[in-house]
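Spelled out, the chains give:
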Amino acid sequence: MTDFEKKHTPVIECPDEVKEGVPFQVKIIVGSIPHVMEEGHFIQWLEVKFGENLYERVEFTPIFSVPEIIVTLTKGGKHEKRTLRAIERCNLHGVWEATKEITVTGGGN
Ligand SMILES: [Fe+2]
């Protein structure tokens with residue numbers, strides 16, 4: 001990745017494997033090199049999705065926000081593998097996405 005890509009691509013920290021119905025935390029930061037949060041250039045929002053389903057959306061403001069979030073989620077056991085998507089928008093450089101596969105165990109209801 002270039003430094004430009006590192007500044008915009010979200011970084012996802014969460015377990016690789018979670019238990020059905022048991023809350024787990026997901027931390028997302030933008031990015032592995034911190035992006036500026038200036039009036040004219042900043043991260044506007046960050047979304048957490050599984051597939052096309054929106055789980056969380058956070059809006060940021062320049063100067064005072066740091067573009068990182070920690071959210072607590074639970075997953076059902078309907079799908080064994082799910083793709084977590086972290087999507088952010090920079091006001092100058094558009095939409096960027098990172099994904100991570102999560103395995104859901106303990107199904108069988
Ligand atoms: Fe940017």
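In the block above lies the structure referred to throughout.
Residue positions are given per chain, counted from 1 along the sequence in the order it is written. Under the rules for a predicted model, residues below a pLDDT of 70 receive no local features and side-chain atom pairs below 80 are neither given nor counted, while totals for whole chains, interfaces and linings still include all residues. Calculated side-chain values reflect all of the structure's heavy atoms, with hydrogen atoms and water omitted.

Caption draft 1: View of the pattern of salt bridges. The salt bridge definition used is simple: a Lys or Arg side-chain nitrogen within 4 Å of an Asp or Glu carboxyl oxygen. Within the structure shown, the criterion is met by 6 salt bridges. With a closest N to O distance of 3.2 Å, Glu52 and Arg85 form a salt bridge. Here Glu52, found in the loop between strand 4 (43-50) and strand 5 (53-59), pairs with Arg85, found in strand 7 (residues 81-90); they are 33 residues apart in sequence, far enough to count as distant. With relative accessibility at 63%, the residue Glu52 sits in the exposed group. Arg85 gets classed as buried once you look at its relative accessible area, which sits at 16%. Connected through shared salt-bridge partners, Glu47, Lys49, Arg57 and Glu59 make up one network. Here a strand is any run of E in DSSP of at least two residues, a helix any run of H or I of at least four, and the numbering for each starts at the N terminus. Three exposure classes are used, based on accessible area relative to the maximum for each residue type with a 1.4 Å probe and protein chains only: buried under 20%, partly exposed in between, and exposed over 50%.

Caption draft 2: Molecular detail of the coordination of the iron ion. Only His8 (NE2), His35 (NE2), His41 (NE2), Cys90 (SG) and His93 (ND1) from the protein reach the iron ion as donors, at distances of 2.1 to 2.3 Å. Taken in sequence order, the residues that donate to the iron ion follow the motif H-x26-H-x5-H-x48-C-x2-H. Summarising the burial analysis for this pair, His35 and His41 share the class buried. Each metal's donors are the N, O and S atoms found within 2.8 Å of it, except that Na, K and Ca use a 3.2 Å limit; water is left out, so coordination can look incomplete.

Caption draft 3: Broad picture of the sheet that holds strand 6 (residues 68-73). Only when DSSP finds a minimum of two bridges between them are two strands counted as paired. Strand order in this open sheet of 3 strands is 1-3-6, and the pairing throughout is antiparallel. Whereas interior strands pair on both sides, the edge strands pair on one side only; in this sheet they are strand 1 (10-13) and strand 6. Direction aside, neighbouring strands of the sheet carry axes that sit 20° apart on average. Pairing analysis gives 4 bridges linking strand 1 to strand 3 (residues 24-30), with the strands arranged antiparallel. Of the residues in strand 3, the one forming a bridge with Val11 is Ile29. Fitted lines through C-alpha atoms serve as axes, helices being fitted only where they are in contact, and the angles separating the N-to-C directions of these axes extend from 0 to 180 degrees.

Caption draft 4: Expanded view of the environment of Ile102. Residue placement: Ile102 occurs in strand 8 (residues 94-105). With 86 residues separating them along the chain, Ile102 and Asp16 place their C-alpha atoms 5.1 Å apart. Note on definitions: a residue-residue contact is assigned when non-hydrogen atoms from the two residues lie within 4.5 Å. Excluding its chain neighbours within four sequence positions, the residues that come into contact with Ile102 are Cys14, Pro15, Asp16, Val18, Phe24, Phe50, Glu80, Lys81, Arg82 and Leu84.

Caption draft 5: Local environment of the nonpolar core. By nonpolar core we mean a set of buried residues, namely Ala, Val, Leu, Ile, Met, Phe, Trp, Tyr and Cys, connected to one another through side-chain atoms within 4.5 Å. By size, the foremost hydrophobic cluster in this structure holds 23 residues, and its most contacted members are Ile12, Val26, Ile28 and Leu84. Secondary-structure elements contributing two or more residues to this core are strand 3, strand 4, strand 6, strand 7 and strand 8. Every residue in contact with Leu84, bar those within four places of it in the chain, is listed here: Ile12, Cys14, Val26, Val48, Lys49, Phe50, Ala98, Thr99, Lys100 and Ile102.

Caption draft 6: Expanded view of the side chain of Glu47. Note on placement: Glu47 falls in strand 4. In protein, a polar contact requires one atom able to donate a hydrogen and another able to accept it; more generally it is a pair of N or O atoms within 3.5 Å, and residues adjacent in sequence count only if both atoms are side-chain atoms. Within the local environment of Glu47, its side chain forms a polar contact with the side chain of Arg57, the two groups lying 2.6 Å apart.

Caption draft 7: Expanded view of the sheet that holds strand 7. With mixed pairing, 5 strands are arranged side by side in an open sheet as 2-8-7-4-5. Each edge of the sheet is formed by a strand with only one pairing partner; in this case those strands are strand 2 (17-19) and strand 5. Sheet twist, expressed as the average angle between the axes of neighbouring strands with direction ignored, equals 25°.

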